[in-house]
Structures are given as C-alpha cells and as structure tokens.
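Observations on the three-dimensional arrangement
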Amino acid sequence: MKRAVLSAFIAVALTDTALAQADLVGKALPASPENANILSLESTPELYDMGGLGNSLVTKYVGAKLADAPYVSRGRHDSEIYRLLSPSVVIVVTDTSIGSGSYIGFGDAVLTNWHVVKGFQKVGLLFKPPTEGSKPSEADFEIAQVVKIDPGHDLALLRLASVPRDVKPIVLGSESDIQVGADVHAIGHPTGEAWTYTKGFISQYRKDYEWRDEEGSHKASVIQTQTPINPGNSGGPLLSDDGKLIGVNAFKAKGEALNFAISIADVQAFLAKAGQPIPAKAPATCKSVKLYEGRDRQNTALLVQFDTNCDGKADYSFVTPDDLTKPISAHLDANFDGKTDISVEDRNRDQKWDISFHDVDFNGKIDLVGYHPDGKLTPSRLDKYIPGTRY
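Treat the numbers as computed from the prediction; the structure is a model and nothing was measured.

What counts as what
Residues numbered from 1 in each chain as written. Predicted model: local features only at pLDDT ≥ 70, side-chain atom pairs only at ≥ 80, totals over all residues. Heavy atoms only, no water. Helix = DSSP H or I, 4+ residues; strand = E, 2+ residues; numbered from the N terminus. Buried < 20%, exposed > 50% of the residue type's maximum accessible area, 1.4 Å probe, protein only. Contact = heavy atoms within 4.5 Å. Areas by Shrake-Rupley, 256 points an atom, 1.4 Å probe, with all protein chains shown as cover. Salt bridge = Lys/Arg side-chain N within 4 Å of Asp/Glu carboxyl O. Arc of directions from axis to C-beta. Core = buried A, V, L, I, M, F, W, Y, C linked by side-chain atoms within 4.5 Å. Pairing = 2+ DSSP bridges. Phe/Tyr/Trp six-rings, centres within 6.5 Å; stacked < 30°, edge-to-face > 60°. Axes fitted to C-alpha atoms, helices over the stretch in contact; angles between N-to-C directions.

Here we look at the overall build of the protein chain
- When you go through the protein chain residue by residue, the secondary structure sums to seven helices and 21 strands.
- Looking at the 391 residues of the protein chain, the share that counts as buried comes to 50%.
- Intrachain contacts of the protein chain at a sequence separation of at least 6 include 55% that bridge at least 24 residues.
- Total accessible area on the protein chain stands at roughly 17900 Å², and carbon and sulfur atoms take up 52% of it.

Digging into the pattern of salt bridges
- Per the stated rule, a full pass over the model turns up ten salt bridges.
- A salt bridge links Lys-199 to Asp-78, with the nearest nitrogen and oxygen atoms 3.3 Å apart. Of this pair, Lys-199 sits in strand β8 (residues 196–213) while Asp-78 is found in helix α5 (residues 76–85), placing the two residues 121 residues apart along the sequence.
- Overall, Asp-78 belongs to the buried group, its relative accessible area being 3%.

A look at α5
- Residues of α5 that are buried: Asp-78, Ser-79, Ile-81, Tyr-82 and Leu-85. Projection of α5 onto a plane perpendicular to its axis shows the buried side chains occupying an angular sector of 160 degrees, all on one side.
- In the core, the buried residues of α5 are packed alongside β1 (89–93), β7 (183–188), β8 and β10 (237–240).

Some remarks on the nonpolar core
- Among the nonpolar cores identified, the biggest contains 54 residues, and Ile-104, Leu-111, Leu-157, Ile-187, Trp-195, Ile-262 and Leu-271 are the most heavily contacted of them.
- In terms of nonpolar packing, the next biggest core, distinct from the first, is built from 19 residues, Tyr-103, Val-116, Val-146 and Ala-156 among them.

Digging into the pairing of strand β20 (residues 368–371)
- As paired elements, strand β19 (residues 355–358) and β20 share four bridges and run antiparallel to each other. Across the sheet, the residue bridging to Ile-355 is Tyr-371, located in β20.
- Across four bridges, the pairing between β20 and strand β21 (residues 381–384) is antiparallel. Among the inter-strand pairings, Gly-370 is bridged to a residue of β21, identified as Leu-382.

Remarks on the packing of aromatic side chains
- Throughout the structure, instances matching the rule amount to eleven aromatic pairs.
- Plain terms: the ring middles of Tyr-316 and Phe-318 are 5.2 Å apart, the flat faces sit at 40 degrees to each other, and that makes the pair tilted.
- Geometrically, the ring pair formed by Phe-357 and Tyr-391 is edge-to-face, given 6.1 Å between the ring centres and 75 degrees between the ring planes. With a gap of 34 residues between them, Phe-357 in strand β19 and Tyr-391 in the segment after β21 connect regions that are remote in the sequence.

Description of the sheet that holds strand β14 (residues 289–295)
- Reading across the sheet, the eight strands line up as β14-β15-β16-β17-β18-β19-β20-β21 and stay open at both edges, with antiparallel pairing between neighbours. Only two strands of the sheet have a single neighbouring strand rather than two, namely β14 and β21. If you compare each strand with its neighbour and ignore which way they point, the axes differ by 15 degrees on average.
- When β14 meets strand β15 (residues 301–307), the two strands line up antiparallel, connected through six bridges. Its bridge partner lying in β15, Glu-293 is registered against Val-304.

As structure tokens, then:
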C-alpha cells in the first residue's frame, strides 16, 4: 500500500502542473494528461507492497525542492521552534490532493482537516527526513487510517500503525493561549513547498464562526491570523510562541491576510467526543433506541443500554451501582466496534459529571483524561493520561 500512496504523492503532490491546477486543498484535480497517472488507494492492490521502489520516485521533484530550499526563519527562537516541531508536521497525501497534519501522540494519532481526507479511509503520510534538506526515502512514508471525522468543524483524526524514528508529538495548548496580538507560527506544505515555516500574529479570536466552501457549511471557533495559509497548509498546526498547538490551519478568506485556523477549544472537544467514525455511519433516519433496562450480569447495578446507530447493538450504556460509594458512569462505543472508547463518571452521584477517560484513536488504550467542573458531559479541559496515576 505504501507504494500506491507514494506513487500518488509523486503524481499529485509533486507535479508542478497538478499543483498549479489545485486551487483548494481537498478539491479534485481536473482531468488532464499530467494527472492521468494518479492512483487510487483501493484500486491498485498489486502495488501495495514496497518491493522494487526505486530512488527515482522519491528524488523526482521533492528531493530537489528540499535540497534547494532550506527553511528561512526570523531569529534563534523561531529557528528553534522550526527545528523542534517540523519533524512532527507531516504531508498528508490522497490520490487527489495534499495537505498537512500534526502528529499529536495519543497512540500514534495525527490531526488534520476533514476536507483534506474527505472520502478516504486510508491516506499516505510523509514524515520529514532526519537531515534538513535531505531526500525522502521509503522509511519516511507511512499509511494512516482515518478513524474519526467532524465535517462541521472540519477536523479529522488519523491513526498510524507506526511512527518512523523518534518523532516527538506536538503538545496541545489551551484556549487561554489564544491572545490577540500574540505571535504565532505555522509549518506546512503550501502548494507542495515541503516544510515551509511562516510567522505572524493573532488578529482576532472569533467564536462560533460560520463559513462555506465547496464541501458545504461549517461552524467553529476560529483564530484569525495574518500568517499565510495556502493550498497544502490546510490541516497543519498553528503554534503559540512557546510551541504548543493552538489551532489547525484551515482556510483563507477573500482579501489580504485573512487566514483562519480551527481553535484548540474545538480540537479538544473533537478529541473528547465521538465525532463521526469511519467507516461506520448511522442511517440518516436513525433514532436512538433503548435496548435494555434492568440488572447487570453481576446483579450489582442498574444497567440501561441504547443503540444510537440502528445496528441492533448497544453502543451507549449507563451504570448505576448499588454500592453508593461507587460512581455512576456512562460508556460510549464511538466507532461501533463493541468496545468502550469514552467513559464518564459522576463520582459523588450528584447528577453532574466529574471526570472522563478517552481512547481517541480506538486502539484500546486510554489517551486523555477529561475534567468536568461545570458538570456537563463534554469536558472543559483535557490532559494526557498517565498510566499508574490515581485520578
């Protein structure tokens, strides 16, 4: 499969003519002789192994660009941000477009825009070669699965089978890091210019902002910046001056220096909730149905189970233990695979949620712990889950 994605990368992301025609990340390229060799990820099984992949595939175009165009920064601090974080910014490749993504850890997860991966269950990722300006190799290419999407907020989560070398995750910031006038940094791949660094400042923070594009209507809290965002930057990180991810670069408006990133507040909410899983989809007319209400198998608690996607199986459960010292809990199977992905607890049984635990990439391991000071189901804050810690 790597070879198919790599070929698609060469065909789409690294062809001057194709890039000139792609005026919006996620938009299909028009038919032309130059685009005739674009490969489908699912239609070329004979190319899925890596055997026989020659250096010519990875040196054509991209090798020259990386070697001839070293990054430019505005000072030692900016250079350090680029040096430390650029290896964690990937090129996201489909057979119709390219975009950017941020490796955020949590079980080998990559964050990007929904419009970058729309319509795909698997995509290719290109990691930055270890040496600045060196040519990519087979070892820099990986396949990722699209595990969760939120089209309304234009966000998507990808899961890697493995991460090449010792790539460090980008630390997630918080909404308090969003300050008008503050310096921000972006790393991405505008029109195929791989690992480009830009710097700017926050012009405004606009909550519940609405916009439309060719994919439909969207609504999210967005960070307005004059940091340049071009086709290929979409999905990449907007970074605070201390190197934390505070936004996902998404789109630009008509006019000069009107660039927008989905805010970290919406990112945190996206990671904490189910979103829309891939590939499972509930029918448009589906309504939540109560499947069971009664005693659990151990006869120690009241159990209520719901089917939310009309497949006849319970994916949302409430448990009220007889033991008053134990918390009331809710359990959600977000991707409908029969396993709990989100657990929320009402520890003092006052009908307000207190803490939650999240498997954001559906690999069976807890990635985030959520805190609910307002008692609502969606956490107000998320932290990295540390095994062995008493929560």
